[in-house]
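The residues making up each chain are set out below.
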Amino acid sequence: MNSIWSKIKSNPGLSLLSANVVLLAVIVLMQDPFGLFKTGYAGARVLLSASQDSISTIEVESPDKPGILRITRKDKLPVKKGEAPEYTWDVERTDGTKTTRMSADRDRVKELFASLEKTRRYYGIARNSESEKDAEMATDSKGRLQCLQVRMISASGKKNTVYVGKSSLRGNDSYVRLDDEDSIYLVEENLRTAFGSGDLEYFRNRRVFPDMSKDDITGITASASGRPLQIARNGQGWQMLSPVPGNVNGSEMNLLLGDFVEWKAVSFPTEIPKDIDKKKSLKVEVQFKTTMTEPRTFAFEVLGQKDFSSYIIRTADGNLFEVTSIYLSHLLEPEEKLLERAEKR
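Residues numbered from 1 in each chain as written. Predicted model: local features only at pLDDT ≥ 70, side-chain atom pairs only at ≥ 80, totals over all residues. Heavy atoms only, no water.

Caption draft 1: Local environment of the layout of surface pockets. Approximately 360 Å³ is the volume found for the second largest pocket. As for the second largest pocket, its lining consists of 17 residues, and the residues nearest its centre are S103, N205, R207, V208 and F321. (1 Å grid on protein atoms, 1.4 Å probe; cavity = no way out; pocket = protein on both sides within 12 Å on 5 of 7 lines; lining within 4 Å. Points joined across faces, edges and corners; volume = space filled by probe spheres on them.)

Structure, rendered in structure tokens:
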């Protein structure tokens, strides 16, 4: 013991380095930042390794829906250094008589890949007629498979099929099989939900505004009951030009703009609801610019208020959206909600 203490005193630098190495090893063991010591379900092998970079097309075939849902990769998006690659996607359904195509919801596609990453080969059972029946992955009397089929297709044409059987929303689990493998796995992920059960509307793009940040917005013009509102960016701040000239409260303006660019449709009405409050209607034009384009304008109409924070809006292309917004009312009461306190009339 005395010998060890003598060595520590004679080599303080080496001793400090050794202590730091031991401390770092303890932290690594406790936090496992690289997943080196994962055990159980989290440490099991992924059923199918897939990413937005490796997959170009996803086909979803459901036994209770006609035709095939197809999600196709489009343009690569800019991401921060170290983040996984992301793309824009289109979604379409072909049912033999017509094809319906629209842009896909990027967040839903991202969630799909995240769910696949959590689908692990841990609870496996042998594949036979009895286990297929229990997992709701058997065929009917005509030989048709009675489960969700998801084909993940790479740019080179390589195809893997994930079969999704019985899923439990309450337990958040699913029975799955990859290709013609001999095992069925019970995984801790509801893949039927992740793949939208092959529903086109599930993957429909819910974003209302085009791609932009609140810093891209340069001005807003609006009209409610014939009363014009005009707000313009002035250096680092904002100026109201009408109906009452004055400085705009920067915090409230940031909340409004952040609300705008994050809008996602709660639903897609097929017609204008009759019971909305049309007194809360207005026309809006948002001016914005990006580094890649000339200044642009995004126009929409607020057709009315559905409830306290829900509105029905219509974009210039005629599409109807139900959105939730806390700050849209700022445009209905701009003097009260947006002007700096000292300048309010």
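Caption draft 2: Fine view of the sheet that holds strand β10 (residues 217–224). Read across the open sheet, the eight strands follow the order β13-β12-β11-β10-β14-β15-β16-β17; overall the sheet is antiparallel. Here the strands that pair on one side only, and so sit at the sheet edges, are β13 (246–247) and β17 (320–324). Bridge count between β10 and strand β14 (residues 282–288): six bridges; the pairing is antiparallel. Opposite G219, over in β14, you have Q287 as the bridge partner. (Pairing = 2+ DSSP bridges. Helix = DSSP H or I, 4+ residues; strand = E, 2+ residues; numbered from the N terminus.)

Caption draft 3: Seen up close, the confidence of the model for the protein chain. Summary statistics for the protein chain give a mean pLDDT of 88 and a share of 87% for residues scoring 70 or more. Across residues 28–32, where pLDDT falls below 50, the model places six contacts with residues more than four positions away in sequence or in other chains. (pLDDT = per-residue confidence, 0-100. Contact = heavy atoms within 4.5 Å.)

Caption draft 4: Inspection of the nonpolar core at higher detail. The biggest cluster of nonpolar side chains holds 35 residues, and the ones touching the most others in it are F209, I220, M253, F260, W263, F300 and L331. At the level of secondary structure, the elements contributing two or more residues to this core comprise β10, β11 (227–234), β12 (237–242), α8 (250–261), β14, β15 (296–307), β16 (310–315) and β17. Per element, the largest residue contribution to this core is five residues, and it comes from α8. The contacts of M253, once residues within four sequence positions are left out, are I220, I231, W238, V248 and L338. Ranked by size, the runner-up nonpolar core spans 32 residues in total, among them L47, L48, I58 and A194. (Core = buried A, V, L, I, M, F, W, Y, C linked by side-chain atoms within 4.5 Å. Buried < 20%, exposed > 50% of the residue type's maximum accessible area, 1.4 Å probe, protein only.)

Caption draft 5: Local environment of the sheet that holds strand β3 (residues 86–94). Taking strand neighbours across the sheet as the criterion, the nine strands line up as β4-β3-β2-β1-β6-β7-β8-β9-β5 in an open arrangement whose pairing is antiparallel. Lying at the two open borders of the sheet, with one neighbouring strand each, are β4 (99–103) and β5 (123–126). Each adjacent strand pair in this sheet contributes to an overall mean axis angle of 25 degrees, direction not counted. Relative to β3, strand β2 (residues 68–77) is paired through eight bridges, and the arrangement is antiparallel. Across the sheet, I71 pairs through a bridge with V91, a residue of β3. Packing of helix α4 (residues 106–117) onto the sheet brings it into contact with β1 (55–61), β2, β3 and β6 (148–154), and relative to β3 it is tilted by some 95 degrees. (Axes fitted to C-alpha atoms, helices over the stretch in contact; angles between N-to-C directions.)

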